[in-house]
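Report on the structure
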Amino acid sequence: MLASVIQYERLRDSVKQINFVFYRNSIRKNENLISKLKNNFNKLEPSDIVIGTILLLNALVFLAWQVPKWKHIMFKYFTIDVFARKIPVSSLLLSAFSHKSPLHFCFNMITLYAFCRGVIQPWGEMGPEEFTAMYISGCVVSSLVSFIFGRSFKHYGNGLGASGAILSVVGYFSVSNPDEKLVIIFLPNIQFNAIRALFGIISLDIMGLFTKYHKLGHAAHLGGTLFGMFWYMSKYVWGNQR
């Protein structure tokens, strides 16, 4: 709801034709560093700011994991312990911004950046506010699915990572661009359609749920992927029918 209000206000402001005139008593020939940074920031697209903010938050949480004396706080609020006696509700969101290993962090951030460019404006058709709402919702939904599945089937371990939320973006992108060609990072010569890749991901996660190997958080992946598909269907399929 908040994202809808912000999007409305931004679009309303964009159609206003107001000319502001600024007068300066003196003109500086050389801008200082802060002014240059401010000017560069003002030139960014809203979508750049959204993606950059998500990447920055993930990076800050990753750095926090590297501080030994903060570990107990990180485990309590930035992971989901299925069998903990008390689980902070905030962990459903915070755990989706949490990465302990550099490889996990780098892979997820590269994937997030790549697929965001196909979904959010100006590259895609989704506004920054709607994307923010979908991504945050994807964080919570994927974490909740992982929690319910883990507690129901007694799969121990601490859940963390942005994979579920990222796969909600992947799910949305693949359904909205089914014929788009995708490649594997380390195998650029192998191409496949986005919709086929999506069903491949779903199949792997379903098979993973029935095996003993649960390190990849298949329940969170599946929950995030289906949520992204649901978001698209609610907009363009069921919405049009209404």
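Structure: above.
We now turn to the structure provided with this report. (Residues numbered from 1 in each chain as written. Predicted model: local features only at pLDDT ≥ 70, side-chain atom pairs only at ≥ 80, totals over all residues. Heavy atoms only, no water.)

**Quick word on the packing of helix H3 (residues 46–65) against helix H7 (residues 128–153)**
Quick note on the threshold: Helix axes are fitted to C-alpha atoms over the stretch in contact, other axes to C-alpha atoms as well, and angles between N-to-C directions run from 0 to 180 degrees. Strands are runs of DSSP state E lasting at least two residues, helices are runs of H or I lasting at least four, and both sets are numbered from the N terminus onward. These descriptions rest on fixed angle ranges, namely under 35 degrees for roughly parallel, over 145 for roughly antiparallel, 65 to 115 for roughly perpendicular, and the rest for oblique. When checking whether two residues touch, look at their non-hydrogen atoms; a contact exists if any pair is within 4.5 Å. In this classification, the charged set is Asp, Glu, Lys and Arg, the nonpolar set is Ala, Val, Leu, Ile, Met, Phe, Trp, Tyr, Cys and Pro, and all remaining amino acids, among them Gly, are polar.
Put simply, H3 and H7 touch, their axes get as near as 9 Å, and they point 25 degrees apart. In this view, H3 runs roughly parallel relative to H7, as classed from their interaxial angle. Contact with H3, carried on its side by Pro46, Ser47, Val50 and Ile54, involves Pro128, Phe131, Thr132 and Tyr135 of H7 and no other residues of that element. Residue composition of the contact of H3 with H7, by class: six nonpolar, two polar and no charged.

**Quick word on the nonpolar core**
Side chains that are nonpolar tend, in soluble globular proteins, to be buried together. We apply this condition: Buried residues of nine kinds, namely Ala, Val, Leu, Ile, Met, Phe, Trp, Tyr and Cys, make up a nonpolar core once their side-chain atoms join them within 4.5 Å. Relative accessibility decides the category of a residue: with a 1.4 Å probe and only protein chains considered, values under 20% of the type maximum give buried, values over 50% give exposed, and everything between is partly exposed.
Judged by nonpolar contacts, the single largest core of 45 residues is most densely connected at Phe131, Met134 and Tyr135. The set of elements that each furnish at least two residues to this core consists of H3, helix H6 (102–116), H7, helix H8 (163–176), helix H9 (194–209) and helix H10 (218–236). Ranked by residues supplied to this core, first place goes to H8 with eight residues. Non-local contacts of Tyr135, meaning those with residues more than four positions away in its chain, are made with Ile54, Phe97, Leu112, Ala162, Ala165, Ile166 and Val169.

**Focus: the packing of aromatic side chains**
Heads up, the condition is: Only the six-membered ring of Trp is used, alongside the rings of Phe and Tyr, when aromatic pairs are assigned; centres must lie within 6.5 Å, and planes under 30 degrees apart are stacked while those over 60 apart are edge-to-face, with the rest tilted.
Under the definition given, this model contains seven aromatic pairs. The interplanar angle of 85 degrees and the centroid separation of 5.1 Å between the aromatic rings of Trp65 and Phe75 together place this pair among those described as edge-to-face. With Trp65 in helix H3 and Phe75 in helix H4 (residues 71–77), the pair connects residues that are 10 residues apart, well separated along the chain. Take Trp65: its relative accessible area is 3%, and that puts it in the buried class.

**Quick notes on the environment of Phe227**
As for its position among the elements, Phe227 is in helix H10. Look at Phe227 and you get buried, because its relative accessible area is 13%. Residues Phe227 and Tyr172, spaced 55 residues apart in sequence, show a C-alpha to C-alpha distance of 8.3 Å. When near neighbours in sequence (up to four residues on either side) are disregarded, Phe227 contacts Met134, Ser137, Gly138, Val141 and Ser168.

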